[in-house]
Amino acid sequence: MLSPAALLFLLFFVGPVAAAIVLSVYHWDVLTPAQFAGTANFRELLHDKVLRTAIYNTFVFTFMTVIAHIVLGLGLALVVNGLASRVLRYFLRTALFFPMLVSWGAVSLLWKYALDPNFGFVNYYIAKLGIHPANWLIDTHWALPSLVFIDLWRSLGYTFVILLAGLQTVPDHLYEAARVDGAGKLRKFWHVTMPMMSPTLLFAFIISFIGAFQIFDPMYIMTQGGPGTATLSLVQYDYYKAFRDFQMGYACAMALIIAAIILIVTLIQLRLSKLWVHYDR
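How each quantity is defined
Residues numbered from 1 in each chain as written. Predicted model: local features only at pLDDT ≥ 70, side-chain atom pairs only at ≥ 80, totals over all residues. Heavy atoms only, no water. 1 Å grid on protein atoms, 1.4 Å probe; cavity = no way out; pocket = protein on both sides within 12 Å on 5 of 7 lines; lining within 4 Å. Points joined across faces, edges and corners; volume = space filled by probe spheres on them. Helix = DSSP H or I, 4+ residues; strand = E, 2+ residues; numbered from the N terminus. Nonpolar A, V, L, I, M, F, W, Y, C, P; charged D, E, K, R; others polar. Buried < 20%, exposed > 50% of the residue type's maximum accessible area, 1.4 Å probe, protein only. Lys, Arg positive; Asp, Glu negative; His and termini not counted. Salt bridge = Lys/Arg side-chain N within 4 Å of Asp/Glu carboxyl O. Phe/Tyr/Trp six-rings, centres within 6.5 Å; stacked < 30°, edge-to-face > 60°.

A.B. asks: Any chance you could break down the layout of surface pockets for me, citing the residues and the numbers?
C.D. replies: For the largest pocket, the calculated volume is near 600 Å³. A20, D238, A251, A255 and L256 are, among the 20 residues lining the largest pocket, the residues nearest its centre. At the level of secondary structure, the elements contributing two or more residues to the lining of the largest pocket comprise α1 (3-23), α11 (234-243) and α12 (248-276). The element contributing the most residues to the lining of the largest pocket is α12, with nine residues. By residue class, the composition of the lining of the largest pocket is 18 nonpolar, one polar and one charged. One number sums up the size of the second largest pocket: a volume of about 330 Å³. Taken together, L78, N81, G82, L167, Q168, V170, D172, Y175, K185, K188, F189 and T193 make up the lining of the second largest pocket. If you list the elements that add at least two residues to the lining of the second largest pocket, you get α3 (49-81), α8 (172-180) and α9 (185-213). Of all the elements, α9 adds the most residues to the lining of the second largest pocket, at four residues.

A.B. asks: Run through the side chain of R89, naming residues and quoting values.
C.D. replies: Of note, R89 is situated in helix α4 (residues 86-97). Of the side chains with opposite charge, D172 lies nearest to the buried R89, which makes no salt bridge, at 11 Å.

A.B. asks: I'd like a rundown of the packing of aromatic side chains, residues and numbers included.
C.D. replies: Applying the stated rule across the entire model yields 16 aromatic pairs. Seen from their ring centres, Y26 and F36 are 5.6 Å apart, and the 80 degrees between their planes marks the pair as edge-to-face. Linking Y26 in strand β1 (residues 26-27) with F36 in strand β2 (residues 35-36), this pair joins segments that are ten residues apart in sequence. Looking at Y26, the relative accessible area reads 27%, which means it is partly exposed.

Purely geometric numbers; function is a separate question.
If you want it as structure tokens, here you go:
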């Protein structure tokens, strides 16, 4: 009964991971036989200045995205959960989650057109307000924040739904007990909602981090990592090394480093969760 799923797992997960580990110690350009390189690929990673830029961009993008997702997602979840109308709650849940159903390709092309400095409607209406519009995807200062906003527009609904589900699991009797003790809205939020929501928040933090750290599509479609290397992400740089420069061994070594960073940060989050996550027993 398990064999079909196990076979797919071996073919599409275990197999590629094992191949990446093996190829990371080889020089291979796909067209000629692979040559054993030992740790040369990993040593080269230490001296790659473009890689450092990609790591910096990815961490900045991830930090901005995760914070925005958690803060705005929790705020929206609190507002929607507090609405009296079930119809309005259903409508808002659907509307906020809907962009997640649209592919990154379509979203990227849509916003690339909308933010175009020459004929995009965003700059058109900003200029109508008497404000000097920015070159969103061309200016090195605005390109990465613009991609953060686009990612937020598409993916916030997912975080919102997770946090809304977490809010709906908080027992009503705890709020009633807090009300009887004279707690106001702020105290109920801090002493009841946040502790009971902490496992859900931990899950949202981890999922948001993993998704943001592997960002690829909007950078590749909208900016190609530019202007210069201002929006170059780790996964995008890895893709370029593999399928543009045909340095497969180097790309596999980089992929292992990306996986290691995600694993380490996730383990740190789980370790730190012991300080603030509370489980209802």
